[in-house]
Amino acid sequence: MLPMIEARDLCKAYEGFSLGKVSLTLSAGAILGVFGPNGAGKTTLIKILAGQFAADAGELRLFQLGYAENEREIKDRIGYCPQEPPYYPDYTLVENARFASSFYSRWDGAMLYGLLERFRISPYKRFRLLSPGQRTLFSLALALCHHPDLLLLDEPAAGLDDANRRFLLGTLRDFTAGGDKAVLISSHVSDGLDEVAEQVLFIGGGAALLCADKEDLLARWKWVHFRDRALTAALAARLTAISRHPFGSAGLCSDFPALRPELAEAIAAGDVRVENARLSDVLIHLTQGG
Amino acid sequence: MLSIIRRSSFFYITHFLTFSLMPLVGSRGAVLFVFIWLPSSVLWSERGESYAFLRQLPIRDRDVVRAKLGLGLGAVIAYWAWLTLLALVDRGASAQFFARFSLINLLASAWPPLVACCYLGVWRLGARGMTFPLLTMMGVGAVIALGLEMRYFPRRGSAAGLAAAPWPLQVLLPLVGLALFLWLARLGPRVKRENDEHLRLP
């Protein structure tokens, strides 16, 4: 399957921040979640991918095209939902949409009105009068209504209520269901968008920490709960983020399949219990070492 | 591109209409009014512009530059044509008309590069960063135009000298002005691409 995004060693430096050598590939039909703490570089990465600004170094191709020669063609196929929607504050939603519609080749006004109705937002309201959540929803509607092949969503769940968050998750699943479209979302893991991500890229301190298939990642990272003296010192040393609790200790294991044979006996005896780690556990461990 | 021009043209139209009426009531500083209404049009239209939104849309920086500078150039050419028409109506095809036409022509040579400089400044420093320079330009333009109105400036001197300029200069100076404008316009996309300040939200 042809990749929708091919990024290699993307770098961008600002005063006081730099994004260093981030590489990723996103194929059609996939949802990639870019997760990281505040100030990790998620927005910078997504802005580079959306063509908001160019990387200082590295290679970027979307739909096998480069921005330098094919900016219009690429942007016509991208639905970008920025963290801070930049629309004209004194224009109504209709006016903003009408302005945008003149640039897209596959604009679908009926779809926009349908989405706004679904979100219960009046199209005749001025953009500056919308709540933060409504701004995100309008941004999402604009991103969807020109039938893009690739969605780039920067923290789209921020400020959304549960119903709209659920709608967003469903929309993302439907969007990629045909297998010819892809989604890249950046988010804090706690936003719940990790549910739909099939691949994950963890970013911290402006660097890519880990890029993997989510199922593989969660199969490798496990919480190991063990009674005192149930593990040898050598086995315990292979766990990280060890904390004590009333019935023993727990530690995070980053390669459970390799550790499983050595724990088999203790698991069978009931001295060790294994629990799935969450993406946030992995992210916190990678970014803070805790 | 038309959407961008349509959106940006509101302040140009209102300013143009206001200032183009002033020569009709006998204002002497009309050729200098450009130094008031042009920076003002740029300032107010650009303060409401969202380049981050434009960057999101399938349009190249080159086309945005073309739309913005095209609008500015169109406005100053329209003002030049309007002043020339007024001079012709006022004086007929006389020697006095040609002297006035010469003055308009030579001063108008500076207008296209001025338009380009205003926009390059906005793309380099952002609309907020350019507020003070543009307001200063408007203030200086207003003082000079008003001074001319109240005859603080000698009737003879630089203005009279310009009016009597030989015809090759009459042709050369506007051409130099246009060449400078085109050169600055070519710099536009690069200045936009290399600076992020103008991408701040309005």
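Because the structure is a prediction, the values reported are computed rather than measured.

**A closer look at the overall build of chain B**
(1) Moving on: Per the secondary structure count, chain B includes nine helices and zero strands.
(2) Moving on: Taking all 202 residues of chain B together, 49% fall into the buried category.
(3) Moving on: Taking the contacts inside chain B whose residues are at least 6 apart along the sequence as the reference set, 84% of them involve residues at least 24 apart.

**Let's talk about the overall build of chain A**
(1) Moving on: When its secondary structure is counted, chain A shows ten helices and 13 strands.
(2) Moving on: The dimensions of chain A, computed from C-alpha atoms along their principal axes, are 70 × 40 × 40 Å.
(3) Moving on: Burial statistics for chain A: of 290 residues in total, 52% are counted as buried.
(4) Moving on: Carbon and sulfur atoms form 49% of the exposed surface of chain A, whose accessible area is close to 13,100 Å².
(5) Moving on: Put simply, chain A has 31 plus and 35 minus side-chain charges, and the middle of one group is 3 Å from the middle of the other.

**With respect to the environment of A:Ser101**
All names here are of chain A.
(1) Moving on: Note on placement: serine 101 falls in helix H3 (residues 93-101).
(2) Moving on: It is 63 Å that separates the C-alpha atoms of serine 101 and alanine 234, two residues lying 133 residues apart in sequence.
(3) Moving on: Within polar-contact distance, the side chain of serine 101 engages the backbone oxygen of arginine 98 at 2.7 Å.

**A closer look at empty space enclosed by the protein**
(1) Moving on: Per the counting criterion, the structure on display carries one cavity of 30 Å³ or more.
(2) Moving on: As for the largest cavity, its lining consists of A:Ile78, A:Gly79, A:Tyr80, A:Ala100, A:Tyr104, A:Trp107, A:Leu142, A:Ala143, A:His146, B:Phe53, B:Gln56 and B:Leu57.
(3) Moving on: In terms of residue count, strand E5 (residues 78-81) of chain A provides more of the lining of the largest cavity than any other element does, three residues in total.

**Section: the pairing of strand E6 (residues 150-154) of chain A**
Residue and element names in this part refer to chain A.
(1) Moving on: With five of five residues buried, E6 is to be regarded as a mostly interior element.
(2) Moving on: Pairing of E5 with E6, which is carried by four bridges, proceeds in the parallel orientation. Its bridge partner being in E6, cysteine 81 is matched across the sheet by leucine 153.
(3) Moving on: In terms of strand pairing, E6 meets strand E7 (residues 182-187) through five bridges, oriented parallel. When the bridges of E7 are listed, aspartate 154 appears paired with serine 186.
(4) Moving on: Read as a crossover between parallel neighbours, the route from E6 over helix H6 (residues 162-177) to E7 is right-handed.

**A word on the confidence of the model for chain B**
(1) Moving on: Mean pLDDT for chain B: 84, with 87% of residues reaching 70 or above.
(2) Moving on: Of all the helices and strands in chain B, helix H8 (residues 158-163) of chain B carries the lowest mean pLDDT, 60, while helix H3 (residues 51-56) of chain B carries the highest, 94.

Scoring rules and cut-offs
- Residues numbered from 1 in each chain as written.
- Chains lettered and ligands numbered in written order.
- Predicted model: local features only at pLDDT ≥ 70, side-chain atom pairs only at ≥ 80, totals over all residues.
- Heavy atoms only, no water.
- Helix = DSSP H or I, 4+ residues; strand = E, 2+ residues; numbered from the N terminus.
- Buried < 20%, exposed > 50% of the residue type's maximum accessible area, 1.4 Å probe, protein only.
- Contact = heavy atoms within 4.5 Å.
- Areas by Shrake-Rupley, 256 points an atom, 1.4 Å probe, with all protein chains shown as cover.
- Lys, Arg positive; Asp, Glu negative; His and termini not counted.
- Charge placed at Lys NZ, Arg CZ, Asp CG, Glu CD.
- Polar contact = N/O pair within 3.5 Å; in protein donor to acceptor, adjacent residues only side chain to side chain.
- 1 Å grid on protein atoms, 1.4 Å probe; cavity = no way out; pocket = protein on both sides within 12 Å on 5 of 7 lines; lining within 4 Å.
- Points joined across faces, edges and corners; volume = space filled by probe spheres on them.
- Pairing = 2+ DSSP bridges.
- Right-handed = clockwise from strand over helix to strand, strands pointing away.
- pLDDT = per-residue confidence, 0-100.

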